[in-house]
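Okay, here's what each chain looks like letter by letter:
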Amino acid sequence: MTTTTPFPDGFFWGGAIAANQAEGAWREDGKGWSIADINRFRGDLPLKKRSNKEVTTDQVRAAMEDREGRYPKRDGIDFYRTYDADLKLLSGAGLNAFRTSISWARIFPQGDDAEPNEAGLLFYDRLIDSIIANGMEPVITVSHYEMPLNLTLAYDGWYSREVVDMFVRYCEVLFRRYAGKVRWWILANQINLITHESFNHLGVAADRVGDLWTAKYQAIHHELVACARATRLARAIDPETHVGVMLAHGNCDAASPRPEDVLAALKQNQMEYFFSDVALRGAYPGFAWRYFADNDITVTFADGDAEDLSAGKADYFAFSYYYTRVVDAAGMAYRHRESQDNPYLERSAWGWAVNPSGLRVALNQYYDRYQVPIMIAENGLGAKDEVEPDGSVHDDYRIDYLREHVRAVGEALRDGVEVTGYFPWGPIDIVSCSSSEMSKRYGFIYVDLDDTGAGSGERILKDSYRWYRQVTASNGAQLD
């Protein structure tokens, strides 16, 4: 019997990492301090309190001067040196696309430098050439929590208008350098994360602005304008390029069929769509102006901003998908929207609800709204993996998770959604984004390092590696 697959020819079976979580070499070859370099590992704190959600200037400077704390992203998994061997392993799993980021602080160490750092560019020359040589399409994120820390201390991160021009200049260097090599760009990772990863994303120190929530939306406005201007520039440099906007999937279901809870879910989801509505439709939606008015938030447009947003619309939509949540009317508090767990779903060891069918729902909702190609830029299960005495790593739980999510993507394709690629997060184990730990592992490839940085660094193929190789070889036809 012939097994059919809904996945089209040329579908991207990828994997995704970030420079700050993998590369290490944090002060080598002219790299400057980045926001990620002050992410301290605090294993003594509850999981929800380990991330740099809000940070003050004093905390920034204290981290820079700290000689005793553990800052795992400074070391990563040494991908800066091991990238070629790691990419060969990933290619062996059948990946035909690889998403990573370029560290802004490697190219412009202070952010406002007169010239880019050539040593940093030479590293990415080698990295991108290796991705291509290993048969993978490079998908490059321009800003993935790697803003030069100087832009926080000398300016106010994205809240400062000056950063718009600095970012566009940074983009131009990359677009010209890699024209003809990189055809797929994501300008800002998870651009809607202004609460959970607030400082890591925006670089706005809480003590340097008046009303922090207003400052966040002004910062987002500057980032959206910068992305629109960069998108136009990318097309002018290379008409074959594709520039996408990326969200972290934050849509919520109503906690109950009560009308007030249904309305709460609508409001929650509208302000998640806000970011991609601006990027893909080219203007602020009416519900955003209502939200700003209701919550005493003022967003200031400079001359030309509206025209830039209209002329610099993104080409495709990308999103990360890990879990879903629910919201009720009580959760729609002043300014800050609080969601809650869905009691009908099982959760991972880190408390993230597992909901494969929600991925099909999300894909349909996004496609109904935008009618543009969609890329699943991240998806995966963080878990504690154990190396057996014989050196094997059995991670059936990860295979089960990924299998059901790939099936959901296939169903969305049958629904008529134009999905271009599926990128499991951390196909090789890397440092966790929010908690800066190694023990939260996503990969098909085990990296022998622990939360303290101890270990051989050896790479070990997990059972999920062989499973993913079967999936990619069959173009999604063989999932069991």
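Notes on the structure in this doc start here. Computed from a prediction, not measured in an experiment: that's the story for all the values here.

1. Focus: helix α3 (residues 79-92)
Of all the bends found along α3, the most pronounced is centred on A85 and spans about 40°. Those residues of α3 not exposed but buried are F79, Y80, Y83, D86, L87 and L90. Buried residues along α3 sit against α1 (19-22), β2 (97-101), α4 (104-107), α5 (118-133), β11 (445-447) and β12 (459-461). Backbone geometry just downstream of α3 places G94 in the positive-phi region, at approximately 90°.

2. Quick notes on the pairing of strand β3 (residues 137-143)
Residues in a regular strand point their side chains to alternate faces of the sheet. Counted residue by residue, β3 has 7 buried out of 7 residues, so it is predominantly covered. With 5 bridges joining them, β2 and β3 adopt parallel strand pairing. Counted as the bridge partner of S101 is T141 from β3. Looking at chain direction, β3 and strand β4 (residues 184-188) are connected through 4 bridges and run parallel. By the bridge assignment for β4, T141 is matched with I186.

3. Observations concerning the pairing of strand β10 (residues 419-424)
Of all 6 residues that make up β10, 6 are buried, and the element is covered over most of its length. Pairing between strand β1 (residues 12-13) and β10: 2 bridges, direction parallel. What sits directly across from F12, in β10, is G421. Relative to β10, strand β9 (residues 374-379) runs parallel, the two being bridged by 4 bridges. Residue I376 lies in a different strand from β10, and its bridge partner there is Y422. One crossover worth recording links β9 to the parallel β10 by way of helix α14 (residues 396-414), and it is right-handed.

4. Details of the pattern of salt bridges
A side chain with one charge can pair with a side chain of the opposite charge if their charged atoms come near. With the rule as written, the count across this model stands at 38 salt bridges. Two residues, R81 and E28, come together in a salt bridge whose shortest N-O distance is 2.4 Å. Separated by 53 residues along the polypeptide, R81 in helix α3 and E28 in the loop between α1 and α2 (57-65) bring together distant segments of the chain. A residue is classified by how much of its surface remains accessible, and R81, at 49% relative accessible area, is partly exposed. Of the charged contacts in the structure, one is a salt bridge between E260 and R258, with a shortest N-O distance of 3.2 Å. A relative accessible area of 42% places R258 in the partly exposed class. By sharing partners, the salt bridges in this structure join D385, D395, R398, D429, R441 and K462 into a single network.

5. Some thoughts on the side chain of H144
Relative to the assigned elements, H144 resides in the loop between β3 and α6 (150-153). Here the side chain of H144 touches N189 through a polar contact of 3.3 Å, side chain to side chain. Filtering out sequence-adjacent residues up to four positions away, H144 remains in contact with A18, N20, Q21, R99, S101, N189, E378 and W425.

The rules behind each value
Residues numbered from 1 in each chain as written. Predicted model: local features only at pLDDT ≥ 70, side-chain atom pairs only at ≥ 80, totals over all residues. Heavy atoms only, no water. Bend = angle between axes of the 7 residues up to and from the residue. Helix = DSSP H or I, 4+ residues; strand = E, 2+ residues; numbered from the N terminus. Buried < 20%, exposed > 50% of the residue type's maximum accessible area, 1.4 Å probe, protein only. Contact = heavy atoms within 4.5 Å. Pairing = 2+ DSSP bridges. Right-handed = clockwise from strand over helix to strand, strands pointing away. Salt bridge = Lys/Arg side-chain N within 4 Å of Asp/Glu carboxyl O. Polar contact = N/O pair within 3.5 Å; in protein donor to acceptor, adjacent residues only side chain to side chain.

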